[in-house]
Amino acid sequence: MDSSLLRNFAIIAHIDHGKSTLSDRLLEMTGSLTAREMQAQVLDAMDLERERGITIKAHAVRMMYKAKDGITYQLNLIDTPGHVDFSYEVSRSLASCEGALLVVDASQGVEAQTLANAYLAINNGLEIIPVINKIDLPSADITRTQEAIEQAVGLDATDAIPVSAKTGLGVGDVLEAIVHRLPPPAGDIEKPLQALIFDSWFDPYRGVVVLARVVNGRMYRGQKIRFLSNGRTFQIDAMGVLTPKPVAIEELTAGEVGFFTATIKNVADTKIGDTVTDDEFPAAEALPGFMEILPMVFAGLYTVDSHEHTLLRDALEKLRLNDSSFFFEPESSVALGFGFRCGFLGLLHMEIIQERIEREYNLDLITTAPGVRYRITLTSGEVIEVENPSRWPEPTNIEKIEEPIIKAMILTNEEYVGGILKLVEEKRGKQLNFEYVTPTRVMLTYELPLNEIVLDFYDRLKSVSRGYASLDYQLAGMWTSPMVKMDILVSGEPVDALSIIVHRDHAYERGKALVAKMRELIPRQQFEVAIQAAIGSKIVARETVSPLRKNVIAKCYGGDISRKRKLLEKQKEGKKRMKRIGKVDIPQEAFLAVLRVG
Ligand code: GDP
Ligand code: MG
């Protein structure tokens, strides 16, 4: 298609500000979906996404729009994942666009993800149209939202479009603005092919499906293509666009967006951010911005029932087919038996994978406390990376330990600043900036160890701010820190799966809080159980679970059968998530107790 008639855009917003609702309304108003086809929030296709109200995978939808000038334009809406764990994918989706709609909820105003996403869009050189949503709500304040966009984001909001994505009011103006305010793509169809991969997934019938934006040249069915990052070549066997129903096409030209398949078996071959070129007439260079994404958060996954270990491996292999950003390798634990050490982009990513394993593969999991990957310089001069506490070197062999840190932006109302400052201090944060972005809203910029974020940072932030703080972060290098390994001993035996890595100056406190929490979580047994926290051979804290006196059934006076059965069933349920270690039953919560103390 004539590239002057193309518009590629994304919708960016803080979570719940109405991105999905607005996308659906645009699809509906361009006739891409009839009202009957219209399911609530079609773009969030996976059940899990729908339930959690988040968009995990980016998608692209082509709409044909006949504007008021009588001309029909091709609009490509590129959906971006809505969570910090996926910020690299967001940045590649944005790099596929010329413009973005910045949706801000008129009753909530600008939030941390509004800012983070707006900055990503600005850095990618996108033209931004501010859209003020939910104006049907009585609490909507258009003028204040406009001011917040100007003050906090630094964008001119005079021409911000007030809409209600729910009722459709103002959405027609958004379509006209897309056509008249966003620039068409600038690519050259005569140049060698350069196409940006911004999403890919495994389809059991078609193999790997790749979503790409053609920047220069053309891509056509039968073409032999090459991926520049790994030199792999494939032949395109099918191409299409999502409308959102898949529709087959023969080619994509400079500026267009669509998907292709090429009998690619392994999703890891198609890396987000990579450049696709023509194998015979290759482009001289790759498109800018490519990065290998690496897992940041690590945890051990085990099945409650150790016979199900191979089922877990099958599940992980299947999930990995579709998600190359997640990593796993076998590990074994004295306490838990055979399992897998898994690496994730972040905590949400970890929860999603866990939940899919339990739901889709019907396995009960024991998960160990999440941690990060440390870079350790040994006294021998060798540098190693350690993400598993059980592989932590002997302290005498350690020269230097470095831990990953993040740069966090926290946006909140001024009344919560005190509580948040206390929290970030406790989490070893270093302040970079403190700024009033509006007369009542404060933006705090901090460097914080990732290790502290993966513990309970989100929950704590939510509670100290009563939910009125939003957080966004990105990786920002490494700090040298005196970390130590803390072991937990149950009845005198170290339980390897409970070991964690903590900062030396926080070890005593953590150890104390941790064993106290474990004492609550470990059910009383027939005998006394000692719980201790130790660093090396030094015990730093101790608690005792006193022995059980009466058995539960005895309380029922033998009379009421149904009550007795209920009680037994309840006990059984409780057992499900227990792991017997030595003679002691330890519940799943105990393995995550470290997440709940602080
Ligand atoms: P997303 O997280 O940005 O994709 O937000 P959603 O589109 O899922 O919307 C979050 C919630 O806000 C949902 O309950 C929507 O029904 C609601 N919502 C979205 N747009 C509007 C609107 O214009 N008015 C009102 N009242 N509610 C809206
Ligand atoms: Mg959504």
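Since the structure is predicted, the reported quantities are computational estimates derived from the model, not experimental observations. (Residues numbered from 1 in each chain as written. Chains lettered and ligands numbered in written order. Predicted model: local features only at pLDDT ≥ 70, side-chain atom pairs only at ≥ 80, totals over all residues. Heavy atoms only, no water.)

Undergrad: I would appreciate a short explanation of the environment of Thr368 in the present structure.
TA: With respect to the helices, strands and loops of the structure, Thr368 is situated in the loop between β20 (365-367) and β21 (374-378). A polar atom in the side chain of Thr368 sits 2.8 Å from the backbone nitrogen of Gly300. (Helix = DSSP H or I, 4+ residues; strand = E, 2+ residues; numbered from the N terminus. Polar contact = N/O pair within 3.5 Å; in protein donor to acceptor, adjacent residues only side chain to side chain.)

Undergrad: What exactly am I supposed to notice about the side chain of Ser91 here?
TA: Of note, Ser91 is situated in helix α3 (residues 87-95). Excluding residues that lie within four positions of it along the chain, Ser91 makes contacts with Leu120 and Asn124. (Contact = heavy atoms within 4.5 Å.)

Undergrad: Sorry, what's going on with the sheet that holds strand β5 (residues 127-133) here?
TA: Within the open sheet, the six strands sit side by side as β2-β3-β1-β4-β5-β6. Their pairing is mixed. Here the strands that pair on one side only, and so sit at the sheet edges, are β2 (60-66) and β6 (161-162). Pairing geometry for β5 and β6, over two bridges, is parallel. Residue pairing in the sheet places Val131 in a bridge with Ile161 of β6. (Pairing = 2+ DSSP bridges.)

Undergrad: For this particular structure, what's the right way to read helix α8 (residues 347-360)?
TA: Residues spaced three or four apart along an α-helix face the same direction, because each turn holds 3.6 residues. The first and last C-alpha atoms of α8 sit 20 Å apart over 14 residues, in line with the 20 Å expected at 1.5 Å per residue. All of the buried residues in α8 are Leu347, Leu348, His349, Met350, Ile352, Ile353, Gln354 and Ile357. Of the residues one or two after α8, Asn362 is the one with positive phi, at around 55 degrees. (Expected span 1.5 Å × (residues − 1). Buried < 20%, exposed > 50% of the residue type's maximum accessible area, 1.4 Å probe, protein only.)

Undergrad: Looking at this structure, I do not really get the pairing of strand β1 (residues 6-13). What am I missing?
TA: Note on strand geometry: in a regular strand, side chains alternate between the two faces of the sheet. Burial within β1 is extensive, with eight of its eight residues counted as buried. Neither face of β1 is left uncovered, since the one carrying Leu6, Asn8, Ala10 and Ile12 and the one carrying Arg7, Phe9, Ile11 and Ala13 both have all their residues buried. Taken together, the five bridges between β1 and strand β3 (residues 72-78) define a ladder with parallel strand orientation. Pairing of Phe9 across the sheet is with Leu77, part of β3. As judged from the five bridges shared by β1 and strand β4 (residues 99-105), these two strands associate in the parallel manner. Across the sheet, Ile11 pairs through a bridge with Leu101, a residue of β4.

Just distances and angles here, no functional claims.
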